[in-house]
Amino acid sequence: MKRPPPVAWFALALCAATAASAGDLRGSLQGLDTLRSSPAPEVPERRLYFWMQSNGALATREPRPNPERDLAVVISGNNVPEGAQPVVLTVSGGTCQPGTVLVNPGTTITVRNLDWFAHELFVTAPNNETPLEGAGPESTAPNSQRSLQVRQAGTYLVRDRLNPLFRCWVVVGTGQGRHVSPGADGSFRTSNLGDGEYTLKVYFEGRVIATTTARVAGAQTTVPPVNLAAAPTAGPPATGAGGEPATGATPAAGNA
């Protein structure tokens, strides 16, 4: 049997070393039942969803966040590339996933419409009905996509001209990292992280609601449960404990 050349042995050793240094990071979010969605916008001559308005038979229900759709765990650190990485925002079931995305200024956001009906999506600053320049309403047919860019740092909303209740958030600024969507039970997991320290921030409706840190060393690291019902407490980062007070995202001052 012919032996591989020395270069091939080196490549195999490098791959093995890389695989050995890459690990899984796991964790869970607690206190999901304490989260409340912000009130739906009041739009004249538009009906709310049936569970939001009294009909004399069924009691109204407050909108409850869906962890898989509305929450995003963003992981940043020396081993997570940051820059103008393209970001994909999926529209399905009349909403976005993830509900909040982080992008650097000027990063291209690809919006994919997986619904069976069209959307006319646009981007606006909070409490502002005027679309940003270059991000106005544009019909996006089923199974098609469009690109959006926001160049000014701040927090913005993606809305739908055909559905005033449609909302998802785009946070523009430094700190873009790896987005991880939790499961319905709040558990999350990501793979192929090199050894080192990482910061994990939980985003909901465009703002940080919890922050913790983790040190990945070896094949698998488990972060202590992140309690969304209370501000995280400081602690050593050896196994992912610790954090900083939750902070809100900076509102945008105007159009990009």
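1. What about the overall build of the chain?
Then comes step 1: A count of helices and strands for the chain gives two helices and 17 strands.
Then comes step 2: Per-residue burial for the chain yields a buried fraction of 38% across its 256 residues.
Then comes step 3: Contacts spanning at least 24 positions in sequence make up 68% of the contacts within the chain whose residues lie at least 6 apart.
Then comes step 4: Here the chain has roughly 13800 Å² of accessible surface; of this, 54% comes from carbon and sulfur atoms.

2. Details of the environment of Leu-132
Then comes step 1: Take Leu-132: it is sitting in the loop between strand E7 (119–124) and strand E8 (138–140).
Then comes step 2: In this structure Leu-132 comes out as buried when scored by relative accessible area, which is 2%.
Then comes step 3: With ten residues separating them along the chain, Leu-132 and Phe-122 place their C-alpha atoms 7.7 Å apart.

3. Quick notes on the packing of aromatic side chains
Then comes step 1: Counted under the stated rule, the structure contains one aromatic pair.
Then comes step 2: Centre to centre, the rings of Trp-116 and Phe-117 are 5.0 Å apart; their planes meet at 85 degrees, and the pair counts as edge-to-face.
Then comes step 3: Its relative accessible area of 30% is what places Phe-117 among the partly exposed residues.

4. Some remarks on the sheet that holds strand E11 (residues 163–172)
Then comes step 1: One open sheet accounts for five strands, arranged E5-E11-E10-E7-E8; its pairing is mixed. Each having just a single partner strand, strand E5 (100–103) and E8 make up the two edges of the open sheet. Taken over all neighbouring pairs, the strand axes of this sheet differ in orientation by 35 degrees on average, direction set aside.
Then comes step 2: Sheet topology note: the E7/E8 ladder contains three bridges and is antiparallel. Within E8, the residue paired with His-119 across the bridge is Thr-140.

5. Describing the pattern of salt bridges
Then comes step 1: Going through the model one piece at a time under the given rule, you end up with seven salt bridges.
Then comes step 2: Between Asp-24 and Arg-189 there is a salt bridge; the shortest N-O distance is 2.7 Å. With a gap of 165 residues between them, Asp-24 in strand E1 (residues 22–30) and Arg-189 in strand E13 (residues 187–194) connect regions that are remote in the sequence.
Then comes step 3: The exposure class assigned to Arg-189 is partly exposed, which follows from its relative accessible area of 47%.
Then comes step 4: Between Glu-138 and Arg-146 there is a salt bridge whose closest N-O contact spans 3.6 Å.
Then comes step 5: Assessed through its relative accessible area of 40%, Glu-138 is described here as partly exposed.
Then comes step 6: Residue classification places Arg-146 among the buried positions, given a relative accessible area of 6%.

6. So, the state of the cysteines
Then comes step 1: Tallied over the entire structure, the rule returns one disulfide.
Then comes step 2: Shown here is the disulfide that connects Cys-96 with Cys-168, its sulfur atoms set 2.3 Å apart. Placement of Cys-96 in strand E4 (residues 95–97) and of Cys-168 in strand E11 is noted, with a sequence separation of 72 residues between them.
Then comes step 3: Judged by its relative accessible area of 1%, Cys-96 is buried.
Then comes step 4: Exposure remark for Cys-168: the relative accessible area of 1% places this residue in the buried category.

7. A few points about the confidence of the model for the chain
Detailed reading of the predicted coordinates is not advisable wherever pLDDT falls low.
Then comes step 1: Across the chain, the average pLDDT comes to 77, with 70% of residues at 70 or higher.
Then comes step 2: Here helix H1 (residues 6–21) stands out as the element of the chain with the lowest mean pLDDT, 44, in contrast to E7, whose mean of 94 is the highest.
Then comes step 3: Taken as a whole, residues 7–20 scores under 50 in pLDDT and shows two contacts with residues more than four places along the chain or in a different chain.

Rules used throughout
Residues numbered from 1 in each chain as written. Predicted model: local features only at pLDDT ≥ 70, side-chain atom pairs only at ≥ 80, totals over all residues. Heavy atoms only, no water. Helix = DSSP H or I, 4+ residues; strand = E, 2+ residues; numbered from the N terminus. Buried < 20%, exposed > 50% of the residue type's maximum accessible area, 1.4 Å probe, protein only. Contact = heavy atoms within 4.5 Å. Areas by Shrake-Rupley, 256 points an atom, 1.4 Å probe, with all protein chains shown as cover. Phe/Tyr/Trp six-rings, centres within 6.5 Å; stacked < 30°, edge-to-face > 60°. Pairing = 2+ DSSP bridges. Axes fitted to C-alpha atoms, helices over the stretch in contact; angles between N-to-C directions. Salt bridge = Lys/Arg side-chain N within 4 Å of Asp/Glu carboxyl O. Disulfide = S-S within 2.5 Å. pLDDT = per-residue confidence, 0-100.

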